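# What the coordinates show
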Amino acid sequence: MTWSAPCARIDHAALRHNLAAVRRFAPASRVWAVVKANGYGHGLEAVAATLAEADGLAVARVEEGVRLRRAGIRRPILVLEGMVFADELAAATRDDLALAIHNWDQARLLARGGELGVPPWWLKVDTGMHRLGFPPAEVDEVLGYLANTAAGSRLVGLLTHLAKADEPEDPASERQCAALGEAAAGRGLPLSIGNSAGLIALPAARSDWVRPGIMLYGASPFATGTGADLGLRPVMTLQTRLIAIQSLPRGAAVGYGGTYVCPEDMRVGIVGIGYGDGYPRHAPTGTPVLLNGERVPLIGRVSMDMIHVDLRGRPQAAVGDLATLWGVGLPVEEIATRAGTIAYELLCRVAQRVQLEHDSPAVGDGAAG
Ligand SMILES: *Cc1c(COP(=O)(O)O)cnc(C)c1O
């Protein structure tokens, strides 16, 4: 059965290649592979199983960690936001999910522990991002407080998150790394700093544990350039079909609002993908689409289920032809730039209605990892 609906091909060999690239950038670090947001849109369980060589997996929320355990993943899992509710603490304890503890509410909950005991935890230090974490000045106090509780012996390490790792020339990142070092001085605990941009560009962020996300999926964390420039391979290739062709006269207005007006008699292709699939609605006229491997420009407004492309100079184009929106041959970073966003958003917003097709996935259930 051949479907005309969009499909995201997930290249698991590329995923493994990109993990090897992480190891080359940070050879002395252990790696939390970040698989939050459904593996950046690539499928949580499938990605986690393929990344069996990673030392651990990191997710945003307890619920994501529980899903990984249900899938049989037995490696260390770090929950980057920790818990909010006692139920989540109990689930983390039951499933052996390490929690990032970043505020006093969590510290008090952790101090009380649960019937099951306490899970492993990392202390999150706010060295300048000002999102989650204890100020460095409170680290002594919170660690002292928790040292005298059931949680005391389950502290694993200290982590922080960089606000400007994608701007490596900015001295803020070095300052953040130094601040974590000071907060950790004399404690003999492992540290975790670098995300993708940090571990690529900033030696000081190649800490005991690094936390790459976007680079595993083959995209660059930086504002310019692509993953290929960093030796990465795209993991997701988003594809669909040409579902109709219109022959329109000069002056015909195309799509909602008629924002594109045909400058001459021309053929316009209708491609079966839209913002309801996660294609960005703000992709403007001129955004490239690959049709049978060749670039054609998008024209007019993106609809929920369709886009239009300019077929001038493509007399061979026919209904059923394969269109690639991003991935192999068309970097997702380029589409993101055109649409005024970042590759992260495009990848993790691919809608549930888009089928994920896994190429060369991990054999077995990944549980061995
Ligand atoms: C998402 C996230 C990461 C991964 O960031 P990338 O830029 O995708 O490499 C690392 N650490 C934390 C705390 C995160 O929230």
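It should be emphasised that the depicted structure is a prediction, and the values quoted were computed from it without experimental measurement. (Residues numbered from 1 in each chain as written. Predicted model: local features only at pLDDT ≥ 70, side-chain atom pairs only at ≥ 80, totals over all residues. Heavy atoms only, no water.)

Glancing now at the domain arrangement of the protein chain. Where the parts come together, the accessible area they lose is often given as the size of the interface. Here the domain parsing of the protein chain yields domain 1 (12–218) and domain 2 (236–359). Domain 1 and domain 2 are separated by 37 Å when their C-alpha centres are compared. Each side of the interface is counted separately: domain 1 has 10 residues, and domain 2 has nine residues. Our enumeration of links across domain 1 and domain 2 arrives at zero salt bridges. For the pair domain 1 and domain 2, the interface holds two residue pairs in polar contact (both at pLDDT 80 or more). Of the residues in the side of domain 1 that touches domain 2, the class split is five nonpolar, five polar and no charged. (Domains from an automatic or database assignment. Contact = heavy atoms within 4.5 Å. Salt bridge = Lys/Arg side-chain N within 4 Å of Asp/Glu carboxyl O. Polar contact = N/O pair within 3.5 Å; in protein donor to acceptor, adjacent residues only side chain to side chain. Nonpolar A, V, L, I, M, F, W, Y, C, P; charged D, E, K, R; others polar.)

Looking now at the UniProt feature "modified residue: N6-(pyridoxal phosphate)lysine" (unreviewed entry) in the protein chain. As recorded in UniProt, the sites labelled "modified residue: N6-(pyridoxal phosphate)lysine" (unreviewed entry) are Lys36. With respect to the helices and strands, Lys36 occurs in helix α2 (residues 36–40). Under the relative-accessibility criterion, Lys36 is labelled partly exposed at 28%. Once residues within four sequence positions are removed from consideration, Lys36 is found in contact with Ala58, Val59, Ala60, Glu64 and Leu80. (UniProt positions renumbered as here; feature names shortened; annotations may be inferred. Helix = DSSP H or I, 4+ residues; strand = E, 2+ residues; numbered from the N terminus. Buried < 20%, exposed > 50% of the residue type's maximum accessible area, 1.4 Å probe, protein only.)

A few words now on the packing of aromatic side chains. The geometry of an aromatic ring pair is captured by two quantities: the separation of the ring centres and the angle between the planes. Summed over the entire model, instances satisfying the criterion amount to eight aromatic pairs. Judged by centre distance (6.4 Å) and plane angle (85°), the ring pair of Trp122 and Trp209 falls under edge-to-face. Taken together, the residues span a long stretch of sequence, with Trp122 in strand β6 (residues 121–124) and Trp209 in strand β9 (residues 209–210) at a distance of 87 residues. Relative accessible area serves as the criterion here: at 1%, Trp122 is assigned to the buried category. By relative accessible area, which is 7% here, Trp209 ends up buried. (Phe/Tyr/Trp six-rings, centres within 6.5 Å; stacked < 30°, edge-to-face > 60°.)

With that out of the way, let us pick up helix α7 (residues 139–147). Taken residue by residue, α7 has Val139, Val142, Leu143 and Leu146 as its buried positions. For α7, the angular spread of buried residues about the axis comes to 95°, placing them on one side. Looking at α7, the residues exposed on the side facing more than 90 degrees away from the buried face are Asp140 and Glu141. Buried residues in α7 make contact with α6 (104–112), β6, β7 (155–159) and α8 (172–184). (Arc of directions from axis to C-beta.)

What follows is about the site of the ligand. In the vicinity of the ligand lie 14 residues, with Lys36, Tyr40, Ser196, Ile214 and Tyr344 positioned nearest. Note that an oxygen atom of the ligand is positioned 2.8 Å from one of the backbone N or O atoms of Ile214. Interatomic distance of 2.6 Å between a side-chain N/O atom of Tyr344 and an oxygen atom of the ligand. Taken together, the residues of the shell around the ligand break down into six nonpolar, four polar and four charged. (Near = heavy atom within 4 Å.)

The next thing to look at is the nonpolar core. The biggest cluster of nonpolar side chains holds 110 residues, and the ones touching the most others in it are Tyr279 and Trp326. With sequence-adjacent residues up to four places away left out, Trp326 is seen in contact with Met236, Thr237, Leu238, Gly278, Tyr279, Pro280, Val332, Ile335, Leu346, Leu347 and Val350. Counting nine residues, the second-largest nonpolar core is a separate cluster that includes Leu248, Ala252, Val254 and Val268. (Core = buried A, V, L, I, M, F, W, Y, C linked by side-chain atoms within 4.5 Å.)

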